[in-house]
Amino acid sequence: MAEQNRTIIAIFVALVVIVAAALGWWYFSRDRAEEPVETVSFATPTPVPEPTPTLEERLSVRLSGTTLATSDAVVRELTTELSSHPKLAAWLVNEDLIRRFVASVDNIASGVSPREHLDFMRPKGGFEVDEKPNGVLVIEPDTYHRYDVVADVFDALDTEGAVVLYHELEPLIDDAYAEISPANADFDRRLARAIDHLLAAPVLRGTEQVEQLVVTYAWADNELEALSSAQRQLLRMGPENVRSIQGKLRELKSALEETEAE
């Protein structure tokens, strides 16, 4: 109703201006035709942009006073509320946790493996292959199990709590992303793209062939080898772990989309 009243008032003011202008033209054209009419132009006022909220203004009450430089302690405390898995606490002793998260998401969205930023999650043990009687090489199943703990920690996260914490940390996340992204880039979109990129990776049977290069191995299937390094890294975690991680990613994606729709 208030919007309707403003519209009626605007129309009324416009009519008054038009009528006043018409009467003025009639008056001056009748009695003062010989006098030149002076044209008055009005400059369009430049809209004053609203000031950008400061980091402190964007933070929740319990994060008041937190900056990127001091955020690790807060992230450790709040993230442990999402899971009681002991390995999660061990990983959180690392520094620059928000910057690592942002850089990893940005890498994955570009198809790049985030190993550089998640080196503390590197599994113990080496990569091993199993040579079949016909000379075919496949990945040794125990090699996949090296990543079981990563998949277990990720799957154990409370989905709704993770989304709530993500939105609460978003001001700090946005500041970290601004350090490595073009101006006005949207991290929410980057995160959605990273999730979709990993969900697009196929779930393998576990018997796919590999071939040895000089010091590493590659998929014998050209289509698999043509996947991005981020997707190939995911596949090296093994079929069961890929299913688990992709299942949690679908939950997170759905929960994030629900909060955006609210």
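Relevant structure appears above.
Residues numbered from 1 in each chain as written. Predicted model: local features only at pLDDT ≥ 70, side-chain atom pairs only at ≥ 80, totals over all residues. Heavy atoms only, no water.

Student: Describe the packing of aromatic side chains, listing the residues and the values that go with them.
Tutor: The description of an aromatic ring pair uses the distance of the two centres, along with the angle that the planes make with each other. Using the criterion set out here, one finds 5 aromatic pairs in the structure. Ring centres 5.5 Å apart and planes at 40° place the aromatic pair F127 and Y217 in the tilted group. Here F127 is found in the loop between α5 (97-109) and β1 (129-131), whereas its partner Y217 is found in strand β4 (residues 217-219), with 90 residues between them in sequence. The partly exposed category is assigned to F127, whose relative accessible area is 32%. (Phe/Tyr/Trp six-rings, centres within 6.5 Å; stacked < 30°, edge-to-face > 60°. Helix = DSSP H or I, 4+ residues; strand = E, 2+ residues; numbered from the N terminus. Buried < 20%, exposed > 50% of the residue type's maximum accessible area, 1.4 Å probe, protein only.)

Student: Residues and numbers for the sheet that holds β4, please.
Tutor: Strand pairing in a sheet relies on backbone hydrogen bonds. The paired strands run either parallel or antiparallel. Spatial ordering of the open sheet is given by β1-β2-β3-β4, a layout of 4 strands whose pairing is antiparallel. Edge positions in the open sheet fall to β1 and β4, since each of these has one partner strand only. On average, each strand axis in the sheet is inclined to that of its neighbour by 45°, with strand direction left out of account. The pairing of β1 with strand β2 (residues 137-139) spans 3 bridges and is antiparallel. (Pairing = 2+ DSSP bridges. Axes fitted to C-alpha atoms, helices over the stretch in contact; angles between N-to-C directions.)

Student: Kindly report on the nonpolar core, identifying the contributing residues and their values.
Tutor: Formed by 56 residues in total, the largest nonpolar core has its most connected members in I98, F187 and W219. Looking at this core, the element that brings in the most residues is helix α8 (residues 159-178), giving 9 residues. Sequence-distant contacts of W219, defined by excluding residues within four places in its chain, comprise I139, Y144, L204, E208, Q209, V210, E211, L224, E225, R232 and L235. (Core = buried A, V, L, I, M, F, W, Y, C linked by side-chain atoms within 4.5 Å. Contact = heavy atoms within 4.5 Å.)

Student: Could you give an account of unusual backbone geometry, with specific residues and numbers?
Tutor: Despite not being glycine, D96 has its phi angle at roughly 55°, a positive value. By secondary structure assignment, the location of D96 is in the loop between α4 (86-91) and α5. Located in the positive-phi region is N184, a residue other than glycine, with phi close to 65°. Position of N184 relative to the elements: it lies in the loop between α8 and α9 (187-199). We classify N184 as exposed; its relative accessible area is 80%.

Student: Report on the pairing of strand β3 (residues 209-212), specifying residues and quantitative values.
Tutor: In this sheet, β3 lies alongside β2 in antiparallel orientation, the contact comprising 2 bridges. Paired with L137 across the strands is V210, a residue of β3. Two strands pair when backbone bridges link them, and β3 and β4 are joined in this way by 3 bridges, in the antiparallel orientation. By the bridge assignment, E211 is partnered in β4 with A218. Counting the residues that bridge the hairpin from β3 to β4 gives 4 residues.

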